[in-house]
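Descriptive analysis of the structure
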Amino acid sequence: MAITTVDGVLAGAQPNRFFHKAITPTMVIARPQSLWGLGGIPGAGSFDTTLDGVTLSSTSALVNGQLPFYDPASGQTYLSRFSAHYTAGGGFIWLADRIWHNGGFTITSNAAQSITSPAWPSRDEDGATAGKGVLLGLEISAVAGAAAPTITVSYTNSDNTSGRSATNTFATANSPTAGAFFPIGLQAGDRGVKSVQSLTLSTSWVSGTMNLVAYRIIAGVDLAAGSAGQVIDVLTGNMSKMYAGTVPFLILAPSATTAGYVSGHLGVTQG
Amino acid sequence: MSITNRQGVIDGLMPPIPMFRGNGGNNGAGQISSSWASAGQMPAGVGAFSASLNGATLTGPGVSGQIPLNDAASGERTYLARWAHRPRRSDLLVPMAGILIDRIWHNGGIDATSTSAQLITSPTWLARDEDGSTNGKGVLLAVEIESTMGAATPTVTVSYTNSAGTSGRTGTNIFATTSGQVAGAFLPISLQAGDVGVRSVESVTLSASWLSGTMHLVAWRLIAMIQEVSAMQLVALDAVTSNFPRIYDGSVLFTLGVNYSTSGPSGCSGEIQFSQG
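For the structure given in this document, a descriptive report is provided here. All values reported here derive from a predicted model rather than from experimental measurement.

**Focus on the overall build of chain A**
Looking only at helices and strands, chain A has one helix and 15 strands in total. By the compact-globule yardstick of 18 Å for 271 residues, chain A fits well, its C-alpha radius of gyration being 18 Å. Evaluated residue by residue, chain A yields a buried proportion of 57% over its 271 residues. Of the accessible surface of chain A, which amounts to about 9,000 Å², a share of 52% is contributed by carbon and sulfur atoms. Computing the positive centroid from 12 side-chain charges and the negative centroid from 13, chain A places the two 2 Å apart.

In structure tokens, the structure reads:
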């Protein structure tokens, strides 16, 4: 089944759910900041500590840190309402599905650290495990040291070609705080990531804790004016599909470096 | 029965209700202010507070301060069909957000000078969580200020039982408290990791004396939220764009406002309309 009419949207509407987070670390303008590890509503997420990592799913039980999401009794789930504001300025807020994350890196090593990621759950943009539309990001979970290494990840693309590699698209900097999120690019021609084989730092990051995350963007809102909120709904948000097991979380690309609050809400319809 | 199509929305439309109300004091950029106890022409009446630690659940219609709403006829349901909201501010310059919520429970009698745990035995919630049950899924907590607090900035810690029935959970104020926090401030309490709502409240503890003033705890649930994209602009939701939230019988609806600057008290005007069927 699928929702193909406005009446279907109304019939399948689920409760709107509130989120509210205080962003305490100093940020860098335009550099994405994950809200996964922050307390608030919802509470803080946790991180894996193994190089091979774990896939994440909300089907059996919600994952700590995720925005509430429940599988439909039947049919599909679609985004029908997403609003957010950031009180310290403008920027951009993404709503993303957190598919996999790992940990256990030796942050002082500049050798390739091998990873055998498990098969993704069927939540790429086609609802498959191939990884189309699945991206990678490096998330800092404890402030890193005074260095600015290049991050190189070796991966298999969504067409199942191995040996692909890419680096961080936003330059690293000394001592990024917890929550700093460095998206990893794609090699030319690639549309997503099926699995991860290794991560290499060009130089030691001295100290701290970092994690690699596989995620898929569901939607985003552009906070165009300072402190103004923004909304998408079922008519303006492209009715993005949210597959069973989705683990929604937020990533903010701020226009200011100061601490502030992110608030908003999420609504879905199912049928 | 329930409404599952546009014709049903139209068939069940109730008369629009005008709204014109203040939002209490402004504690700074980003802070949330409650309209509960603010004077305003519509809806009539000023919300009252409980004076006991155990507090009281709230059931409409007829609660002073609530947006007027009668229960649906037997076998029918109520939904939000339209909400038009325009912030009004003394400086007329800065946008804000509006939040429509159901006030499920509130308490009082909290000793603002005590740093001991003040025990609370909240009554069973009404069947108005997001599933229409008493479990508390989607039910959140907040501190609401009735009269100006003293010159201190305590952390407020609440012990609660989550919607899955697990006791001993704790949360704290997400917005930092401010010295001399003014009446109307509404400070949401965080959820412990993994929780999706609150079933009951067991205690409240201040990390330091707040010296003076009157504070309350409120249990509430989000119905809808509007983001204002420019100053003084009226923004409207309808049945489709609001995600058609269901409103359970007995709901006690009122609005919150998010302040984006420190200047001037804020409020809102607009109208709200429900559909029943």
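Moving on, there is more to tell.
**Notes on the overall build of chain B**
In terms of regular secondary structure, chain B is built from one helix and 16 strands. Classification of the 277 residues of chain B by burial places 58% in the buried group. Long-range contacts, defined as pairs at least 24 residues apart, comprise 81% of the intrachain contacts of chain B with a sequence gap of at least 6.

**Description of the pattern of salt bridges**
Residue and element names in this part refer to chain A. If you walk through the whole model with that rule in mind, you get 13 salt bridges over all chains. Residue Arg 123 pairs with Asp 97 through a salt bridge whose shortest N-O separation is 2.7 Å. In this pair, Arg 123 sits in the loop between β6 (113-114) and β7 (135-142) while Asp 97 sits in strand β5 (residues 91-101), placing the two residues 26 residues apart along the sequence. Overall, the relative accessible area of 1% leaves Arg 123 in the buried class. In this structure, Asp 126 engages Lys 132 in a salt bridge whose closest nitrogen and oxygen atoms are separated by 3.5 Å.

**Some words on the pairing of strand β8 (residues 151-157) of chain A**
All names here are of chain A. When you tally the buried positions in β8, you get five out of seven residues, the bulk of the element. Here seven bridges tie β8 to strand β11 (residues 193-201), and the two strands are oriented antiparallel to one another. By the bridge assignment for β11, Thr 156 is matched with Ser 195. Of the pairings in the sheet, the one linking β8 to strand β9 (residues 164-167) comprises four bridges and is antiparallel in character. The partner of Thr 152 across the bridge, within β9, is Thr 167. Taken together, β8 and the strand that follows it, β9, pair antiparallel across an intervening segment of six residues, in which Asn 160 is found at a positive phi of about 75°.

**Quick notes on the sheet that holds strand β15 (residues 260-270) of chain A**
Residues and elements named next belong to chain A. Taking strand neighbours across the sheet as the criterion, the four strands line up as β1-β15-β4-β13 in an open arrangement whose pairing is antiparallel. Two strands close off the open sheet at either side, each with one partner strand: β1 (17-23) and β13 (230-233). The mean angle between the axes of side-by-side strands here comes to 15°, regardless of whether they run parallel or antiparallel. Bridge count between β1 and β15: seven bridges; the pairing is antiparallel. Within β15, the residue paired with His 20 across the bridge is Ser 263.

**A short note on the interface of chain B and chain A**
Each side of the interface is counted separately: chain B has 43 residues, and chain A has 42 residues. Ranking the residues of chain B by area buried against chain A places B:Ile174, B:Gln227 and B:Asn243 at the top, with a combined share of 19%. In this structure, the connection of chain B to chain A is made through two salt bridges. With a shortest N-O distance of 3.1 Å, A:Asp7 and B:Arg6 are connected by a salt bridge. The interface formed by chain B and chain A holds 15 residue pairs in polar contact (both at pLDDT 80 or more) in total. Looking at the side of chain B that touches chain A, the elements with two or more residues in it are α1 (6-11), β5 (97-106) and β12 (214-227) of chain B. Of all the elements, β12(B) adds the most residues to the side of chain B that touches chain A, at eight residues. Here the residues of the side of chain B that touches chain A sort into 28 nonpolar, ten polar and five charged.

**Looking at the sheet that holds β8(A)**
A sheet is described by the order of its strands in space; here four strands give the open sequence β6-β11-β8-β9 (chain A), paired in antiparallel fashion. The open sheet has two edge strands, β6 and β9 of chain A, and neither has a second partner.

About the cut-offs
Residues numbered from 1 in each chain as written. Chains lettered and ligands numbered in written order. Predicted model: local features only at pLDDT ≥ 70, side-chain atom pairs only at ≥ 80, totals over all residues. Heavy atoms only, no water. Helix = DSSP H or I, 4+ residues; strand = E, 2+ residues; numbered from the N terminus. Rg over C-alpha atoms; globule rule 2.2 N^0.38 Å. Buried < 20%, exposed > 50% of the residue type's maximum accessible area, 1.4 Å probe, protein only. Areas by Shrake-Rupley, 256 points an atom, 1.4 Å probe, with all protein chains shown as cover. Lys, Arg positive; Asp, Glu negative; His and termini not counted. Charge placed at Lys NZ, Arg CZ, Asp CG, Glu CD. Contact = heavy atoms within 4.5 Å. Salt bridge = Lys/Arg side-chain N within 4 Å of Asp/Glu carboxyl O. Pairing = 2+ DSSP bridges. Axes fitted to C-alpha atoms, helices over the stretch in contact; angles between N-to-C directions. Buried area = accessible area lost by both parts, 1.4 Å probe. Polar contact = N/O pair within 3.5 Å; in protein donor to acceptor, adjacent residues only side chain to side chain. Nonpolar A, V, L, I, M, F, W, Y, C, P; charged D, E, K, R; others polar.

By themselves, these are just geometric observations and shouldn't be taken as functional.
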